[in-house]
Amino acid sequence: MNQTQFETADLRHLVRVQAKGQAMAERKRLATDDALRRRRQQTEAMLVDIKNAIRLLDQSIDAELQKSPTRDPHHFAFPMTVRALIARRENLKSTIALLLLELTKSDPERAAV
């Protein structure tokens, strides 16, 4: 074989290696994008579930307060169940704020839910 045939073979090999590397990098990028998209969808689904839970807690709080003669949360006779429901609701609101912050960090354009 002469010198040009060796150079052509080496060049073909180099091109194949580069193409394979680019294909692997593209697959990795697509996998990462897919994982981020799934994570974003899960977070958005959690937000919807938590908002529904808050709505149900609000209804439960209103129902419990209807039965109670005391409406002042600082009064000693204020129902403990209502106190617990209010605390749970506030925790869920904090969770929503943190999830929205996470969504904003990962994709500012899609953070408005």
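Above this text you will find the structure in question.
Read on for an overview of the structure. Being a predicted model, the structure only gives us computed values, none of them experimental. (Residues numbered from 1 in each chain as written. Predicted model: local features only at pLDDT ≥ 70, side-chain atom pairs only at ≥ 80, totals over all residues. Heavy atoms only, no water.)

This part covers the pattern of salt bridges. Under the definition given, this model contains eight salt bridges. Taking the shortest distance from any N to any O, the salt bridge between Glu26 and Arg29 comes out at 2.6 Å. One end of the pair, Glu26, and the other, Arg29, are both in helix H1 (residues 3-67), three residues apart, so they sit about a helical turn from each other. Residues joined by salt bridges that share partners form a network here, namely Glu26, Arg29 and Asp33. (Salt bridge = Lys/Arg side-chain N within 4 Å of Asp/Glu carboxyl O. Helix = DSSP H or I, 4+ residues; strand = E, 2+ residues; numbered from the N terminus.)

What follows concerns the side chain of Thr43. Within the secondary structure layout, Thr43 lies in helix H1. Of the polar contacts made by the side chain of Thr43, one reaches the backbone oxygen of Arg39; its length is 2.9 Å. Apart from residues lying up to four places away in sequence, Thr43 is in contact with Leu99, Glu102 and Leu103. (Polar contact = N/O pair within 3.5 Å; in protein donor to acceptor, adjacent residues only side chain to side chain. Contact = heavy atoms within 4.5 Å.)

So, on to helix H2 (residues 80-106). Helix length check: H2 (27 residues) gives 39 Å between terminal C-alpha atoms against 39 Å at 1.5 Å per residue, within 8%. Of the residues making up H2, those classed as buried are Val82, Leu85, Arg89, Leu92, Ile96, Leu99 and Leu103. (Expected span 1.5 Å × (residues − 1). Buried < 20%, exposed > 50% of the residue type's maximum accessible area, 1.4 Å probe, protein only.)

Moving on to the environment of Ala97. Note on placement: Ala97 falls in helix H2. Linking Ala97 and Leu47, residues 50 residues apart in sequence, is a C-alpha distance of 9.6 Å.

Below, the discussion takes up the environment of Phe78. The residue Phe78 is located in the loop between H1 and H2 in this model. Taking the C-alpha atoms as reference, Phe78 lies 7.7 Å from Ser68; in sequence the two are ten residues apart.

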